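Observations on the three-dimensional arrangement
What follows is each chain in one-letter form.
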Amino acid sequence: MSKKISQSDINRVVWKACDTFRGVIDPSQYKDYILTMLFLKYVSDLHKEIHKQHLEKYKGDIARTERAMKMERFILPSNSTFDYLYENRNDTAIGELIDIALTDLEEANREKLSSEDGSGIFRNISFNSNNLGDVKDKNSRLKNLLIDFSNIDLTPSHLEDNDVIGDAYEYLIGFFASDAGKKAGEFYTPSEVSTLLAKLTKSKPGSRICDPTCGSASLLIKAGKEVGSDDFSLYGQEANGSTWALAVMNMFLHGFDNATIRWGDTIRNPKLKEGDALMKFDTVVANPPFSLDKWGKVEDKEENKASKSFDPEEDQYNRFWRGIPSKSKGDWAFITHMIETLNEQGKAGVVVPHGVLFRGSTEGKIRQKTIEENLLEVVIGLPSNLFFGTGIPAAILIFNKAKGNNRDVLFIDASQQFENGKNQNKLRKVDIEKIVNTYRQFNAGKLKPGIDEQKFSYVATQEEIIENDFNLNIPRYVDTFEEEAEVDIINVQQEIEKLEAELKIVQTELNNYLKEFTN
């Protein structure tokens, strides 16, 4: 029996494929070419294996086999298969052939591979683009790309396990996140932070799980896997069209065919609805853009007159009844949206910059109201330099609609719990377990108010938080002050006298040497 294809095998191939584009276009651009080709190869190989199975089942009856294939996950036009493109790898119009293949694949699977407005997931990418160099260079690169991917068989029966393709996709997205600069406060959520957030908000079987700013959907997938069964449903929304396309592909590569991923601005135009109301979820997780400027109302002079204006004060879903955050800081707008989409037993986990914990004005009023409503359950300070593109430390907030009679808030300072990395710091498994175990103890009502663990965790009563004017800055609760060692003045004085005596001897010897030298 031939060796099964492992995660590292696939990673090696896609890494080699990256070499085709290095130095030609920015990594943030060429990731789309690599990831799209990985998706196309997977769909093609899957289709080939299932076609073979049906042909055997129907004893070579081609008509019955073709009918059965129309009921499968993807309908694959003959010119959209990877094999067809590979056979035509020397064609002078290979870029155009790949673009047509992707368009036809979208058309054949419109419901799965398009957004509500009909935009397909491949609309932002062209393999026939001048970005790939002049015709000769472009054709050479695309030929090499097809050759690279021809060297690996992604048929399910040849794979080590069901997750290897999805995990290769995640591996690439993570790599490109570290290689590409980020703007507008958007930072890829490192795998360890996603794992931590998924464990803190662990969903029960049957849960609806949502990420309203889902990016490439890595966090959402982690939250789903944490359930421990297949009994859950995933929902996401992403504002960036290219990233939304990656999220849709990511879901299919992980086998989550029924996930609902919408494209659009969650604040201005929430797409996850039931009738005219916002859809409600058991679990909402997110790493929204940090302190997003112009998240809501746009001034008339800046506004595109052709588009419908959005005013948070007149939000049709009444999400901002606690107050409207500053125009230049969208953090509490996203948090508020998340809270408003929780059902009565729901839990939300969100990554935020530390300013969310203590900034005043309207943000302070919104923070106060959520605490008075007894929604806030835990505040966790993370180590600095965890996120690609920024060294600033972040925090995690957990909101729980089902806190019951427990009106306390758990504070955890995990800022010193990490492995020091060359480029990025990293949460270790032991760090994640320590945070999660402390939280679960608190959630089960086993921690009393006051210090839980010196310099790490503290349970604050609502009265304490009120005394602190609803300021959630972690050092107000977790005392991390390190006392400096006492200075022994007598010893220091003796050491100084000893050094001065030695210095006199050295100076005397030096003077003697100089006299000898000059005589």
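What you are looking at is a predicted structure, and each value in this text was computed from that prediction instead of being measured.

1. Let's talk about the overall build of the protein chain
Looking only at helices and strands, the protein chain has 17 helices and 12 strands in total. Among the 519 residues that make up the protein chain, the fraction classed as buried is 50%. In the protein chain, the proportion of contacts linking residues at least 24 apart, taken out of those at least 6 apart, comes to 75%. Carbon together with sulfur atoms contributes 48% to the accessible area of the protein chain, which is approximately 25,800 Å² in total. For the protein chain, the distance from the average position of its 66 positive side-chain charges to the average position of its 82 negative side-chain charges is 4 Å.

2. Quick word on the packing of helix α5 (residues 94–108) against helix α7 (residues 135–150)
Taken N-terminus to C-terminus, the directions of α5 and α7 make an angle of 55°; their axes are 9 Å apart at the nearest point. Viewed along their axes, α5 and α7 adopt a mutual orientation that is oblique. Within the contact between the two elements, α5 uses Ile94, Gly95 and Ile98 and α7 uses Asn139, Leu142 and Leu146. In terms of residue class, the contact of α5 with α7 is built from 4 nonpolar, 2 polar and no charged.

3. Side note on the nonpolar core
Core analysis: the largest hydrophobic core is formed by 103 residues, its most contacted members being Ile10, Ile34 and Phe39. Take this core: its biggest share by element is 12 residues, from helix α2 (residues 27–57). Ignoring sequence-local partners within four residues, the contact set of isoleucine 10 consists of Ile5, Leu38, Ile152, Leu154, Leu159, Val164, Ile165 and Ala168. In terms of nonpolar packing, the next biggest core, distinct from the first, is built from 35 residues, Val356, Leu357, Leu397 and Ala460 among them.

4. Some points on the sheet that holds strand β1 (residues 207–211)
Pairing is mixed in the open sheet, where 10 strands are placed in the order β3-β2-β1-β6-β7-β9-β8-β10-β12-β11. Of all the strands in the sheet, just β3 (260–263) and β11 (450–453) have a single pairing partner and so form its edges. Strand-to-strand twist of the sheet, defined as the mean angle between neighbouring strand axes without regard to direction, takes the value 15°. In the packing of helix α11 (residues 241–253) onto the sheet, the strands contacted are β2 (232–238) and β3, and the crossing angle to β3 comes to about 170°.

5. Looking at a positive patch on the surface
Positive charge collects at one region of the surface, where Lys57, Lys59, Arg64, Arg67 and Lys70 lie side by side. Mapped onto the elements of the fold, arginine 64 is located in helix α3 (residues 62–69). Residue arginine 64 is classed as partly exposed on the basis of its relative accessible area of 41%.

6. What about the pattern of salt bridges?
A full pass over the atoms with the stated rule returns 21 salt bridges. Residue lysine 48 is joined to aspartate 83 by a salt bridge in which the shortest nitrogen-to-oxygen separation is 3.0 Å. Pair noted here: lysine 48 is in helix α2 and aspartate 83 is in helix α4 (residues 82–87), with a separation of 35 residues, a long-range link. Judged by its relative accessible area of 40%, lysine 48 is partly exposed.

7. Concerning the pairing of β1
When a strand is regular, its side chains alternate between the sheet's two faces. For β1, a buried count of 4 out of 5 residues is recorded, marking the element as mostly surrounded by other parts of the structure. Bridge analysis of β1 against β2 gives 5 bridges, and the strand direction is parallel. Its bridge partner being in β2, arginine 208 is matched across the sheet by serine 233. Crossover β1 to β2 through helix α10 (residues 218–225) is right-handed. The sheet contact formed by β1 and strand β6 (residues 281–286) spans 2 bridges and is parallel. Looking at β6, one finds that cysteine 210 is bridged to valine 284.

8. A few points about the environment of alanine 223
When you line up the elements, alanine 223 lands in helix α10. What makes alanine 223 buried here is its relative accessible area of 2%. Remark: the alpha-carbon pair of alanine 223 and leucine 196, spanning 27 residues in sequence, is separated by 9.5 Å. In this structure, alanine 223 is in contact with Ala198, Ile209 and Val285, ignoring residues within four places of it in sequence.

9. Considering the side chain of arginine 141
With respect to the element layout, arginine 141 can be found in helix α7. Ignoring any residue separated from it by four or fewer positions in sequence, one finds arginine 141 in contact with Thr20, Val24, Leu132 and Gly133.

10. So, α7
Helix length check: α7 (16 residues) gives 22 Å between terminal C-alpha atoms against 22 Å at 1.5 Å per residue, within 8%. Of the residues making up α7, those classed as buried are Lys138, Asn139, Arg141, Leu142, Leu145, Leu146, Asp148 and Phe149.

11. Here's the deal with helix α1 (residues 7–18)
Its 12 residues give α1 an end-to-end C-alpha distance of 17 Å, which sits within 8% of 16 Å, the value for a rise of 1.5 Å per residue. Buried within α1 we find Asp9, Ile10, Asn11, Val13, Val14, Ala17 and Cys18.

12. Points about the environment of serine 218
In this fold, serine 218 is placed in helix α10. Take serine 218: its relative accessible area is 7%, and that puts it in the buried class. In sequence terms serine 218 and glutamate 111 are 107 residues apart; their C-alpha atoms lie 22 Å from each other. If near-sequence neighbours (up to four positions away) are discounted, serine 218 is found in contact with Glu170, Tyr188 and Asn250.

13. Topic: the packing of aromatic side chains
Scanning all chains against the criterion turns up 12 aromatic pairs. Taking 6.3 Å as the distance between ring centres and 50° as the angle between the ring planes, the aromatic pair formed by phenylalanine 39 and phenylalanine 122 counts as tilted. With phenylalanine 39 in helix α2 and phenylalanine 122 in the loop between α6 (110–113) and α7, this pair connects stretches of sequence that are 83 residues apart. Overall, the relative accessible area of 0% leaves phenylalanine 39 in the buried class. Take phenylalanine 122: its relative accessible area is 5%, and that puts it in the buried class. An angle of 70° between the planes, with centres 6.4 Å apart, marks the rings of tryptophan 332 and phenylalanine 399 as edge-to-face.

14. Brief notes about unusual backbone geometry
At lysine 59, a position not held by glycine, the phi torsion is positive, near 50°. In this fold, lysine 59 is placed in the loop between α2 and α3. The exposure class of lysine 59 is exposed, given its relative accessible area of 76%. One non-glycine residue, asparagine 318, lies in positive phi territory at about 55°. Among the secondary structure elements, asparagine 318 is positioned in the loop between β6 and α12 (331–340). Here asparagine 318 falls in the partly exposed class, since its relative accessible area comes to 47%.

About the cut-offs
- Position numbers for residues start from 1 in each chain and track the written sequence from start to end.
- Reporting of local features is limited, given that this is a predicted model, to residues whose pLDDT is at least 70; pairs of side-chain atoms are given and counted only at 80 or more, and all residues count toward the totals for whole chains, interfaces and linings.
- As a convention, hydrogens and water are excluded, and side-chain values are obtained from all of the structure's heavy atoms.
- Runs of E in the DSSP output that reach at least two residues are strands. Runs of H or I that reach at least four are helices, and both are numbered from the N terminus.
- Using a 1.4 Å probe on the protein chains alone, a residue whose accessible area is under 20% of its type maximum counts as buried, one over 50% counts as exposed, and one in between counts as partly exposed.
- The contact criterion used is simple: two residues touch if any of their non-hydrogen atoms lie within 4.5 Å.
- Surface exposure here means Shrake-Rupley accessible area, sampled with a 1.4 Å probe, where a residue is shielded only by the protein chains that are shown.
- Only four residue types enter the tally: Lys and Arg on the positive side, Asp and Glu on the negative side; His and the chain ends are excluded.
- To locate a charge, take NZ of a lysine, CZ of an arginine, CG of an aspartate or CD of a glutamate.
- Throughout, an axis means a line fitted to C-alpha atoms (over the contacting stretch in the case of helices), and angles, computed between N-to-C directions, take values from 0 to 180 degrees.
- Here is the rule for angles: anything less than 35 degrees is roughly parallel, anything more than 145 is roughly antiparallel, 65 through 115 is roughly perpendicular, and the remaining ranges are oblique.
- Polarity classes work like this: nonpolar for Ala, Val, Leu, Ile, Met, Phe, Trp, Tyr, Cys and Pro, charged for Asp, Glu, Lys and Arg, and polar for all others, with Gly in that last group.
- By nonpolar core is meant a set of buried Ala, Val, Leu, Ile, Met, Phe, Trp, Tyr and Cys residues that side-chain atoms within 4.5 Å join together.
- Here, strands pair whenever DSSP counts at least two bridges between them.
- To count toward a patch, a residue needs a relative accessible area above 30% and no salt bridge. Like charges then connect within 9 Å, nonpolar side chains (Val, Leu, Ile, Met, Phe, Trp, Tyr) within 5 Å.
- Any carboxyl oxygen of Asp or Glu within 4 Å of a side-chain nitrogen of Lys or Arg constitutes a salt bridge here.
- Seen with the strands pointing away from the viewer, any crossover whose path from the first strand over the helix to the second strand runs clockwise is right-handed.
- Helix span, as expected, comes to 1.5 Å for every residue beyond the first.
- The pairing test for Phe, Tyr and Trp rings, Trp by its six-membered ring, is centres within 6.5 Å, and the orientation test on the planes gives stacked under 30 degrees, edge-to-face over 60, and tilted for anything in between.

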